[in-house]
Amino acid sequence: MNLQQLRYVVATAEHRTMTDAARSLYIAQPALSRAIRDLERELGMTLFARSGRGVVVTAQGRRVVKLAREALDAVHEIEGLANHSGVTEAELRIASTPSLEPGLAGRLLPAYAAEHPGVRVHIVRCDGRDSVVSAIRDQRADLGLTDLPVPTDLITHPLERQEIVLISPPGLDLPNPVPMGKLHGMRLALPARGSMRRRELDAMFGKYSVSPVVVLETDERNGWLNAVRAGQASLLWYRGLAEQASRAGLIVRSLEPAVRRVIAVVHARRRLPLIAQDFLATAEKGTAA
């Protein structure tokens, strides 16, 4: 068994379908299926059993997957030790949503860079929370910065609570804070239908029995802002971006009752590389301060 086979086993267990696992590994699905069958013959055991259109891990397979994860984590940690020794430049990959990236770049990264100047941080830009989760699962990022909740296969480290505010074009006759009932019939730019964030907003609208007029449905941040700047709609967004909106001449108002989301660093259920552990310690220290 080699490292490549270990990666194949872990990816298949995480994605539960050969097609999705092959896509995350950038190989053809038949090639992955053959590799898994070859490994099963080599070990003399069945690791995965077919279940409908996917696969399930067998009892023997669960033990192999656990050991495979530990082996890969050990390899990553050895690589991290080499990076810390200064032989090569270490790179930390952090996935972030557009709404949270300014806070990441403005507060967390400078604090981390001051303590770890030899580490290069690469921000993996994601459209939203779903994309952050995918980047972590596909191992395109070591850590993710997003709002909660996320699926339970990820570990979360809450950092702060951010307020959701209403950002509107000037000229609207609205109080501050804005009662939830005022959202009824309001023209809003919303995330794409079917996305996790859109489902949460729709649940909030249902809770308060309001039905806004949806002017724009997109996960593109610039599309939201352009609609507000053009006077076409209002937007529900984080308080952390209120200063940016105010500079653009837009009006920022709180909601009543207030709505807040927990912001967290998230990662897969495996041992983190040392540079990722260091970043998490810096982030949590900054929160405590």
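All values derive from a computational prediction rather than experimental measurement.

> Requested: an account of the packing of aromatic side chains, with residues and values cited.
Per the stated rule, a full pass over the model turns up 2 aromatic pairs. Aromatic side chains Tyr112 and Phe279 sit 5.3 Å apart centroid to centroid with 70° between the ring planes, which places their arrangement in the edge-to-face category. With Tyr112 in helix H5 (residues 101-115) and Phe279 in helix H10 (residues 274-288), the pair connects residues that are 167 residues apart, well separated along the chain. The exposure class of Phe279 is buried, given its relative accessible area of 2%. A ring pair is formed by Trp224 and Trp237, whose centres lie 6.1 Å apart and whose planes are at 85°; its orientation type is edge-to-face. Note that Trp224 is positioned in helix H8 (residues 221-229) and Trp237 in strand E10 (residues 234-238), a separation of 13 residues in sequence.

> So what's going on with the environment of Val178? Which residues, and what values?
Inspection of the secondary structure puts Val178 in strand E7 (residues 178-179). Taking the C-alpha atoms as reference points, Val178 and Gly231, separated by 53 residues in sequence, lie 18 Å from one another.

> So what's going on with the UniProt feature "domain: HTH lysR-type" (unreviewed entry) in the chain? Residues and values would help.
The sites that UniProt annotates as "domain: HTH lysR-type" (unreviewed entry) are residues 1-58. As annotated, residues 1-58 has a helix share of 62% and a strand share of 14%, and its two end C-alpha atoms lie 18 Å apart.

> How would you sum up the side chain of His267? Please name residues and give values.
Summarising the element assignment, His267 is placed in strand E13 (residues 259-268). A polar contact is formed between the side chain of His267 and the side chain of His157, at a distance of 3.0 Å. The contacts of His267, once residues within four sequence positions are left out, are Ile136, Asp142, Leu143, Leu154, Ile155, His157 and Leu272.

> Account for unusual backbone geometry, with residues named and values stated.
At the junction of Leu148 and Pro149, the peptide bond is cis and its omega measures out at 10° in the coordinates. Assignment of secondary structure puts Pro149 in the loop between strand E5 (143-147) and strand E6 (154-168). Cis geometry marks the peptide bond from Glu256 to Pro257, where omega comes out at 5°. The residue Pro257 is located in the loop between strand E12 (255-256) and E13 in this model.

> Kindly report on the nonpolar core, identifying the contributing residues and their values.
Of all hydrophobic cores here, the largest spans 53 residues; its most connected members are Leu92, Leu166, Phe205, Leu236 and Phe279. The contacts of Phe205, once residues within four sequence positions are left out, are Leu183, Leu188, Leu190, Val210, Pro212 and Leu236. Of all hydrophobic cores here, the second largest spans 17 residues; its members include Ala22, Ile36, Leu39 and Val65.

> Please give an account of the packing of helix H1 (residues 3-15) against helix H2 (residues 18-25) that cites residues and values.
Helix packing geometry: the angle between the two helix axes and the distance between the axes. As a packed pair, H1 and H2 sit with axes 8 Å apart at the nearest point and diverge in direction by 130°. With respect to H2, the element H1 is oriented oblique. Judged by the twist between their axes, the crossing of H1 over H2 is right-handed. Across from Arg7, Tyr8, Ala11, Thr12 and His15 in H1, the residues of H2 making contact are Met18, Asp20, Ala21, Ser24 and Leu25. Partitioning the contact of H1 with H2 into residue classes produces 5 nonpolar, 3 polar and 2 charged.

> Please give an account of the pairing of E10 that cites residues and values.
Burial analysis of E10 places 5 of its 5 residues in the buried class, which makes it a mostly covered element. As defined by bridge partners, E6 adjoins E10 across 4 bridges and the pair is classed as antiparallel. Paired with Ile167 across the bridge in E10 is Leu235. Bridge analysis of strand E8 (residues 187-190) against E10 gives 2 bridges, and the strand direction is parallel.

> Could you give me a rundown of the side chain of Thr282, with the residues and numbers involved?
Positionally, Thr282 belongs in helix H10. For Thr282, the side chain forms a polar contact with the side chain of Glu115, separated by 3.3 Å. Those residues within four positions of Thr282 in sequence are excluded, and the remaining contacts are Ala111, Tyr112, Glu115 and His116.

What counts and how
Residues numbered from 1 in each chain as written. Predicted model: local features only at pLDDT ≥ 70, side-chain atom pairs only at ≥ 80, totals over all residues. Heavy atoms only, no water. Phe/Tyr/Trp six-rings, centres within 6.5 Å; stacked < 30°, edge-to-face > 60°. Helix = DSSP H or I, 4+ residues; strand = E, 2+ residues; numbered from the N terminus. Buried < 20%, exposed > 50% of the residue type's maximum accessible area, 1.4 Å probe, protein only. UniProt positions renumbered as here; feature names shortened; annotations may be inferred. Polar contact = N/O pair within 3.5 Å; in protein donor to acceptor, adjacent residues only side chain to side chain. Contact = heavy atoms within 4.5 Å. Core = buried A, V, L, I, M, F, W, Y, C linked by side-chain atoms within 4.5 Å. Axes fitted to C-alpha atoms, helices over the stretch in contact; angles between N-to-C directions. Parallel < 35°, antiparallel > 145°, perpendicular 65-115°, else oblique. Left-handed = near helix turned anticlockwise from the far one by under 90°. Nonpolar A, V, L, I, M, F, W, Y, C, P; charged D, E, K, R; others polar. Pairing = 2+ DSSP bridges.

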